Amino acid sequence: AVKPYLFHLALVSVVRQPEPQLPALARQELVDCRLFGLRQEEGGPVEPCAIEQLLLLRGGAGTPASAFMLAARAAESRDQAREYAAGVVAAGMAAERRQALLATLEERLDFVSRGYDYQDAELATARARLAERVRAGDPRAGGEVTRIRDRQRTLADRKGAALAVLRREPALIRPGEVTFLAHALVVPTADPEDRKRH
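What counts and how
Residues numbered from 1 in each chain as written. Predicted model: local features only at pLDDT ≥ 70, side-chain atom pairs only at ≥ 80, totals over all residues. Heavy atoms only, no water. Helix = DSSP H or I, 4+ residues; strand = E, 2+ residues; numbered from the N terminus. Expected span 1.5 Å × (residues − 1). Bend = angle between axes of the 7 residues up to and from the residue. Buried < 20%, exposed > 50% of the residue type's maximum accessible area, 1.4 Å probe, protein only. Contact = heavy atoms within 4.5 Å. Core = buried A, V, L, I, M, F, W, Y, C linked by side-chain atoms within 4.5 Å. Phe/Tyr/Trp six-rings, centres within 6.5 Å; stacked < 30°, edge-to-face > 60°. Lys NZ or Arg CZ within 6 Å of the ring centre and 35° of its normal. Pairing = 2+ DSSP bridges. Salt bridge = Lys/Arg side-chain N within 4 Å of Asp/Glu carboxyl O.

Draft legend 1. The arrangement of helix α3 (residues 74–103) in detail. Compared with the 44 Å implied by 1.5 Å per residue over 30 residues, the 41 Å span of α3 between its first and last C-alpha is a close match. Along its length, α3 reaches its greatest deviation from straightness, about 35°, at A85. Residues of α3 that are buried include every one of S77, A81, A85, V89, A90, M93, A94 and L101, and no others. Here the buried face of α3 lies against β1 (5–16), β2 (29–41), α4 (105–135) and β4 (173–186).

This is the structure in structure tokens:
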């Protein structure tokens with residue numbers, strides 16, 4: 001038999017905390033957000049449940065005597081559900097996201113590093129071509145060589161900053177807010193037709 005229970009629909013998020021020393025990470029960013037259903041029977045723990053359960057509920061009139069104690073504990077149950085959502089669900093989501101970033105970190109570091117190395121090689125090739133034009137007496141080529149030299153100087157700094165962002169990001173992943181969207185006191189139906197359909 002189905003016992004009365006309290007159902008909570010929660011929106012749980014994961015954020016990347018800001019890191020003021022790295023401009024690319026200077027602002028907090030939402031990295032994951034999911035809906036979760038939570039239920040709690042009288043005297044029982046908060047447990048995850050399918051959010052689709054909300055779709056199966058119908059409005060009712062009054063509170064049956066079997067659910068009075070549960071209804072009286074609704075605020076306490078909500079607080080326990082918030083604690084569970086933050087401490088278990090959101091913490092698990094954050095750990096999952098952090099682990100995914102760490103698992104691909106070396107691959108992403110290599111990819112970014114190769115991209116900057118490729119750009120450096122392109123700049124060196126362009127600078128060599130322009131140096132030939134300078135030697136040939138092209139007056140505009142000298143200014144272009146200076147611009148390329150400046151870009152080459154800043155390239156190493158930009159590469160270092162990009163790699164620092166990738167290395168730092170996993171440590172900044174944290175559980176975010178828990179927002180409740182719905183709470184419901186769920187009691188079994190007394191309607192024989194509903195029972196037959198169930």
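Draft legend 2. Representation of the nonpolar core in the model. Counting 16 residues, the largest nonpolar core has V12, V14 and I173 as its most contacted members. Of the residues forming this core, the biggest block, seven residues, is contributed by α3. Ignoring sequence-local partners within four residues, the contact set of I173 consists of V14, V15, R16, V31, A94, R97, R98 and L101. In terms of nonpolar packing, the next biggest core, distinct from the first, is built from eight residues, Y116, L123, A126 and I148 among them.

Draft legend 3. Broad picture of the side chain of S77. Looking at the secondary structure, you find S77 in helix α3. Since its relative accessible area comes to 1%, S77 is described here as buried.

Draft legend 4. Local environment of the packing of aromatic side chains. Counted according to the given criterion, the structure contains zero aromatic pairs. If you follow R39 out to its NZ or CZ, it ends over the ring of Y5, 3.7 Å from the centre.

Draft legend 5. Broad picture of the pairing of β2. Bridging between β1 and β2 involves 12 bridges; their strand directions are antiparallel. Paired with V14 across the bridge in β2 is D32. Across three bridges, the pairing between β2 and strand β3 (residues 47–49) is antiparallel. Bridge assignment links G37 to a residue of β3, and that residue is C49. Hairpin connection between β2 and β3: a loop of five residues separates the two successive antiparallel strands, and G43 in this loop has a positive phi of roughly 75°.

Draft legend 6. Focus on the pattern of salt bridges. Tallied over the full model, the rule gives 14 salt bridges. E96 serves as the salt-bridge partner of R34, at 3.0 Å between the closest nitrogen and oxygen. Placement of the pair is R34 in strand β2 and E96 in helix α3, with a sequence separation of 62 residues. When its relative accessible area of 29% is taken as the criterion, R34 is described as partly exposed. Using a relative accessible area of 47% as the deciding quantity, one classes E96 as partly exposed. Among the ionic pairs, R73 bridges to E76, the shortest N-O distance being 3.2 Å.

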